[in-house]
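Spelled out from the first residue to the last, the chains are:
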Amino acid sequence: MFILVNLKAYPCDPVEVATAARDVAEDSDVRIAVSPQAADLRRVADTGVETWAQHVDPNDYGSHTGSTLAEAVAEAGAEGTLVNHSEKRMKLADIDGSVRAAERAGLETCVCANNPAQIGAVAALGPDSVAVEPPELIGGDDSVASADPDIVRDAVEAAANVDEDVEVFCGAGISTGDDVEAAGDLGATGILLASGVAKADDPRAALENLVEPL
Ligand SMILES: O=C[C@H](O)COP(=O)(O)O
């Protein structure tokens, strides 16, 4: 099981979370990555934790003011990137462009989508993984694995119907090891989560709890 911690724009200390994630990953042998704001990528990567960008734009080098270049985030230490998060939605053509840009830069990709139909569409673009996240459950207390288990099962099926090599993650409201275990039982091979760690009083304890059953 892969645990991908998206720090979004929460006012947490990215290095504190990254250091805790690195230690918990080492102690538990569970793969854990941290996805900070673009400006914090280098500091987070320097802790030694697996580091992901939250977004890359579809463009290559050139006259693209304000863009987040895949090559630049890779140079800053990112090994992967999210694409099309629910809070950073993109058109299908641009999702395709961002996946291609990430591939050029050697970044692993996880394309987010709201529902199984969208999961099938983005799986067709050939990312390494997709993540299903019902928007109404993001940031809440109810785990997608218990509040809407069918969306996870159906997303796993939708991706497999298109490309069996695409991994399926799920996210929204996941904050405990029991939630992670339940998601795994539904067929998810990774978890995308944010507030359960980024807003926790003790991020290290939150991470330890997440990996406890694994
Ligand atoms: O990227 C993470 C997801 O949007 C889930 O966020 P959440 O764990 O705060 O519900």
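Criteria and thresholds
Residues numbered from 1 in each chain as written. Predicted model: local features only at pLDDT ≥ 70, side-chain atom pairs only at ≥ 80, totals over all residues. Heavy atoms only, no water. Near = heavy atom within 4 Å. Polar contact = N/O pair within 3.5 Å; in protein donor to acceptor, adjacent residues only side chain to side chain. Areas by Shrake-Rupley, 256 points an atom, 1.4 Å probe, with all protein chains shown as cover. Nonpolar A, V, L, I, M, F, W, Y, C, P; charged D, E, K, R; others polar. Core = buried A, V, L, I, M, F, W, Y, C linked by side-chain atoms within 4.5 Å. Buried < 20%, exposed > 50% of the residue type's maximum accessible area, 1.4 Å probe, protein only. Helix = DSSP H or I, 4+ residues; strand = E, 2+ residues; numbered from the N terminus. Contact = heavy atoms within 4.5 Å. Patch = residues over 30% accessible without salt bridge, like charges linked within 9 Å, V, L, I, M, F, W, Y side chains within 5 Å. Salt bridge = Lys/Arg side-chain N within 4 Å of Asp/Glu carboxyl O. Lys, Arg positive; Asp, Glu negative; His and termini not counted. Charge placed at Lys NZ, Arg CZ, Asp CG, Glu CD. UniProt positions renumbered as here; feature names shortened; annotations may be inferred. Pairing = 2+ DSSP bridges. Right-handed = clockwise from strand over helix to strand, strands pointing away.

Undergrad: Kindly report on the site of the ligand, identifying the contributing residues and their values.
TA: Around the ligand, the surrounding shell consists of N6, K8, H85, E133, I138, G139, A172, G173, L192, L193, A194 and S195. A distance of 3.1 Å is found between an oxygen atom of the ligand and a side-chain nitrogen or oxygen belonging to E133. Starting from 300 Å² of accessible surface for the ligand in isolation, the protein chains cover 100%. Tallied by class, the residues present in the shell around the ligand amount to 5 nonpolar, 5 polar and 2 charged.

Undergrad: Give me the nonpolar core: which residues, what numbers.
TA: Ranked by internal contacts, the top residues of the largest apolar core, which has 53 residues, are I32, C170 and L207. The element contributing the most residues to this core is helix 1 (residues 14-28), with 6 residues. With residues up to four places along the chain from it excluded, the contact list for C170 reads V132, V144, V152, A183, A188, G190, I191 and L192. Membership of the second largest hydrophobic core comes to 11 residues, among which are L41, A53, A70 and V73.

Undergrad: Explain a negative patch on the surface residue by residue, including any values.
TA: A grouping of D13, E16, E26, D27, D201, D202 and E208 is seen on the molecular surface, where their side chains present a negatively charged patch. Relative to the helices and strands, D27 resides in helix 1. Among the residues examined, D27 registers a relative accessible area of 70% and is labelled exposed.

Undergrad: Could you give me a rundown of the pattern of salt bridges, with the residues and numbers involved?
TA: This model, assessed by the stated rule, comprises 11 salt bridges. One salt bridge in this structure joins R204 and D23, with 3.0 Å as the shortest N-O distance. Of this pair, R204 sits in helix 10 (residues 203-211) while D23 sits in helix 1, and the two are 181 residues apart along the sequence. A salt bridge links R31 to E50; the shortest N-O distance between them is 2.7 Å. You can see R31 sitting in strand 2 (residues 31-35) and its partner E50 sitting in strand 3 (residues 50-53), a full 19 residues away along the chain.

Undergrad: Describe the UniProt feature "binding site: substrate" (unreviewed entry) in the chain, with residues and values.
TA: In the numbering used here, UniProt assigns the feature "binding site: substrate" (unreviewed entry) to N6, L7, K8, I138, G173, A194 and S195. For the residues just named, distributed over 190 residues, the greatest C-alpha separation is only 14.3 Å, placing them together at one site. Position of K8 relative to the elements: it lies in the loop between strand 1 (2-6) and helix 1. Look at K8 and you get buried, because its relative accessible area is 13%.

Undergrad: Go over the pairing of strand 4 (residues 80-83), please, and point to the residues and values.
TA: The two faces of strand 4 match: G80 and L82 on one face and T81 and V83 on the other face are all buried. For strand 3 and strand 4, the ladder comprises 2 bridges, and the chain directions are parallel. Within strand 4, the position partnered with A53 by the bridge is T81. Handedness of the strand 3-helix 3 (residues 70-75)-strand 4 crossover: right-handed. As judged from the 4 bridges shared by strand 4 and strand 5 (residues 108-113), these two strands associate in the parallel manner. The residue bridging L82 from the neighbouring strand is C110, located in strand 5. Handedness of the β-α-β unit built from strand 4, helix 4 (residues 92-104) and strand 5 comes out right-handed.

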